[in-house]
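Summary of structural features
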Amino acid sequence: MASCKNYHEAAIEGANDGIFHGDHIHPTVMIWASLNDEKMKKLVEKVAEYDADYADDLKEMFGEYDSDVEDIPIPFPFSFGSEKEFEDAEVLLKEVADITEANAYSFIVEAMSVDDEEDTVPSLFTECREGKIFLTLFDWEYNKVDEEEYESSDEDIQSFRLKIFK
């Protein structure tokens, strides 16, 4: 298992490869987990209950990793048309985290700018099972403009947390 900071840095690197596009982002959650064949099978079955095509995509993606030596980032789109869709996604993510015994999750979304409350900027949030949290804000050229470390009990960060490790 990697350190929480390593998961966060890997998520930053991964976001630069296909999630961040300079003028927009594709909101995404990544569940970080050590997987074996049994966990992968259960995970694909659970995701198939919600989206069979995406379950097939995950199954194919797992073939690209050596699960014996690395934690695998399991990506999920994180954009919703309604509160119900968000709640359903949060339930699925919690179930995935439980099945995989996830070590951490990261998500990239637009957050309010520190400089201008009318503006949004890309942000990357990582929470690890042991309670560490990292939050990084970027400009639209994907340069870090702010980075903070928190504990899961910190009041300032509660609105960002998903109900995955709660």
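Structural data are supplied above this passage.
Just so you know, these numbers come straight off a predicted model, no measurement behind them.

Turning our eyes to something else, we now look at the overall build of the protein. Each helix and strand counted, the protein has four helices and six strands in total. Reading the protein from its N terminus to its C terminus gives the helix and strand order α-β-α-α-β-α-β-β-β-β. Relative to a compact globule of 166 residues, whose C-alpha radius of gyration would be 15 Å, the protein shows 16 Å and is just as compact. Evaluated residue by residue, the protein yields a buried proportion of 44% over its 166 residues. When contacts within the protein are restricted to residue pairs at least 6 apart in sequence, those whose partners lie at least 24 apart make up 58%. Summed over its atoms, the accessible surface of the protein is roughly 9,000 Å², and 45% of this surface lies on carbon and sulfur atoms.

With that settled, consider the nonpolar core. Where a protein is soluble and globular, its nonpolar side chains tend to be buried together. Core analysis: the biggest nonpolar cluster contains 33 residues, and Ile31, Phe62, Ile74 and Phe76 have the highest contact counts within it. Per-element accounting of this core gives the leading share, five residues, to helix α3 (residues 52–62). Those residues in contact with Phe62 that sit more than four places away from it in its chain are Leu35, Met40, Leu43, Val44, Ile72 and Ile74. Counting residues in each nonpolar core, the second largest holds 16 residues, with Ile12, Ala15, Ile25 and Tyr142 among its members.

By volume, the largest pocket amounts to about 320 Å³. Considering the residues around the largest pocket, the lining is formed by 14 residues, among which Tyr50, Pro77, Phe80, Ala89 and Leu92 are closest to the centre. For the lining of the largest pocket, the secondary structure elements donating two or more residues are α2 (37–50), β2 (72–77) and α4 (83–100). No other element matches α4, which puts five residues into the lining of the largest pocket. In terms of residue class, the lining of the largest pocket is built from 10 nonpolar, one polar and three charged.

Topologically, Glu70 is positioned in the loop between α3 and β2. On the basis of relative accessibility, which here comes to 33%, the residue Glu70 falls in the partly exposed class. With 19 residues separating them along the chain, Glu70 and Asp51 place their C-alpha atoms 26 Å apart.

So, about the pairing of strand β5 (residues 132–138). β5 sits mainly inside the fold: six of its seven residues count as buried. Two strands pair when backbone bridges link them, and strand β4 (residues 120–128) and β5 are joined in this way by five bridges, in the antiparallel orientation. Within β5, the position partnered with Glu127 by the bridge is Ile133. Where β4 hands over to β5, the hairpin turn is made up of three residues, of which Gly131 adopts a positive phi near 110°. Direction of pairing for β5 relative to strand β6 (residues 144–151): antiparallel, over a ladder of seven bridges. From the neighbouring strand, Phe138 faces β6, where its bridge partner is Lys144. Between β5 and β6, which pair antiparallel one after the other, the connecting turn spans five residues, and Tyr142 there sits at a positive phi close to 65°.

The next point concerns the pattern of salt bridges. Tallying each qualifying case throughout the model produces 14 salt bridges. One continuous salt-bridge network, built from bridges that share partners, spans Lys5, Glu9, Lys144 and Glu147.

Before going further, it helps to examine the packing of α2 against α4. One way to put it is that α2 packs onto α4 with a least axis distance of 9 Å and a crossing angle of 170°. The angle between the axes of α2 and α4 places the two elements in the roughly antiparallel class. You can see that α2 and α4 cross each other, and the crossing is right-handed. Here Lys39, Lys42, Leu43, Lys46, Val47 and Tyr50 of α2 come into contact with α4, specifically with Asp88, Val91, Leu92, Glu95, Val96, Ile99 and Thr100. Per-class residue counts for the contact of α2 with α4 are seven nonpolar, one polar and five charged.

Rules of the game
- Residues numbered from 1 in each chain as written.
- Predicted model: local features only at pLDDT ≥ 70, side-chain atom pairs only at ≥ 80, totals over all residues.
- Heavy atoms only, no water.
- Helix = DSSP H or I, 4+ residues; strand = E, 2+ residues; numbered from the N terminus.
- Rg over C-alpha atoms; globule rule 2.2 N^0.38 Å.
- Buried < 20%, exposed > 50% of the residue type's maximum accessible area, 1.4 Å probe, protein only.
- Contact = heavy atoms within 4.5 Å.
- Areas by Shrake-Rupley, 256 points an atom, 1.4 Å probe, with all protein chains shown as cover.
- Core = buried A, V, L, I, M, F, W, Y, C linked by side-chain atoms within 4.5 Å.
- 1 Å grid on protein atoms, 1.4 Å probe; cavity = no way out; pocket = protein on both sides within 12 Å on 5 of 7 lines; lining within 4 Å.
- Points joined across faces, edges and corners; volume = space filled by probe spheres on them.
- Nonpolar A, V, L, I, M, F, W, Y, C, P; charged D, E, K, R; others polar.
- Pairing = 2+ DSSP bridges.
- Salt bridge = Lys/Arg side-chain N within 4 Å of Asp/Glu carboxyl O.
- Axes fitted to C-alpha atoms, helices over the stretch in contact; angles between N-to-C directions.
- Parallel < 35°, antiparallel > 145°, perpendicular 65-115°, else oblique.
- Left-handed = near helix turned anticlockwise from the far one by under 90°.

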